[in-house]
Amino acid sequence: MKVLLTILTVLSSFLANLETKTLQSDFTVTVAEEVNAPMNYPGTISMCGDQFLLSMFNLQAAYDGKTLYMYSAETDELTLSNPTQQELVETNPFLYAKALVNVCNITERTVSDGKQTLITLTPKDQSIGINRFTLRVRTSDLMPLQVEIKEGKKTSTLKMKEPKFVSKKTVYQLTPDKDTYINDMRI
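Here the structure is a predicted model, which means the values were calculated and not measured.

Caption draft 1: Structural detail: the sheet that holds strand S1 (residues 22-33). Taken together, the twelve strands give an open sheet; going across it, the order is S7-S8-S9-S10-S11-S1-S2-S3-S4-S5-S6-S12, and neighbouring strands pair in mixed fashion. The strands lining the two open edges of the sheet, one partner per strand, are strand S7 (104-111) and strand S12 (181-184). On average, adjacent strands in this sheet sit at an angle of 15° to one another, irrespective of strand direction. Pairing geometry for strand S9 (residues 132-138) and strand S10 (residues 143-151), over seven bridges, is antiparallel. Bridge pairing in S10 places Arg 132 opposite Lys 150.

Caption draft 2: The nonpolar core, seen in detail. Counting 36 residues, the largest nonpolar core has Phe 52, Phe 94, Phe 133 and Leu 135 as its most contacted members. What Phe 94 contacts, discounting residues up to four positions off in sequence, is Phe 14, Leu 15, Leu 18, Leu 23, Met 47, Leu 135, Pro 144, Val 147, Leu 158 and Met 160. In terms of nonpolar packing, the next biggest core, distinct from the first, is built from six residues, Tyr 69, Tyr 71, Leu 80 and Leu 174 among them.

Caption draft 3: Seen up close, the pattern of salt bridges. Applying the stated criterion across every chain, the model contains four salt bridges. With a shortest N-O distance of 3.0 Å, Arg 138 and Asp 141 are connected by a salt bridge. A salt bridge links Asp 184 to Arg 186; the nearest nitrogen and oxygen atoms lie 2.7 Å apart. Its relative accessible area of 36% is what places Arg 186 among the partly exposed residues.

Definitions and cut-offs
Residues numbered from 1 in each chain as written. Predicted model: local features only at pLDDT ≥ 70, side-chain atom pairs only at ≥ 80, totals over all residues. Heavy atoms only, no water. Pairing = 2+ DSSP bridges. Helix = DSSP H or I, 4+ residues; strand = E, 2+ residues; numbered from the N terminus. Axes fitted to C-alpha atoms, helices over the stretch in contact; angles between N-to-C directions. Core = buried A, V, L, I, M, F, W, Y, C linked by side-chain atoms within 4.5 Å. Buried < 20%, exposed > 50% of the residue type's maximum accessible area, 1.4 Å probe, protein only. Contact = heavy atoms within 4.5 Å. Salt bridge = Lys/Arg side-chain N within 4 Å of Asp/Glu carboxyl O.

Encoded structure:
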């Protein structure tokens, strides 16, 4: 029972940090399949709770708690929508981890001479679409370092580069130029 309490304490504390603190980091997403060479995608993120500001490729995305903003520099188009909770979970791996807690077996182990904690969420029912979700955090301050999602033969890895919690307030919206086409899909 003590082990279970420790696991839930580490995971709960990590998720609580994300609710109350603003995380900022550069990152690289690597998508690998057994038959193809891995593909790497760099980006930046700032997030607090379910709100985020993301830049990746020629795309920018922001979610302010109500509206999802998606801007494509290539087309100079800003799309506004009201996403479902499921769409947000599919977009943000940390929200996905939070959603998985109730449907997974959770294990934890200390790695790197006690400096990192590895939390593994394994679905109790494999029909939810993933084999395993692994989260690596720095033990001293519960800073997220890496997320790995295994889905069949595909592995997606998010590696944070110099992540930090900041106190400055971030605006989780995108403001278009006056010539930007706005596609408002909100209901």
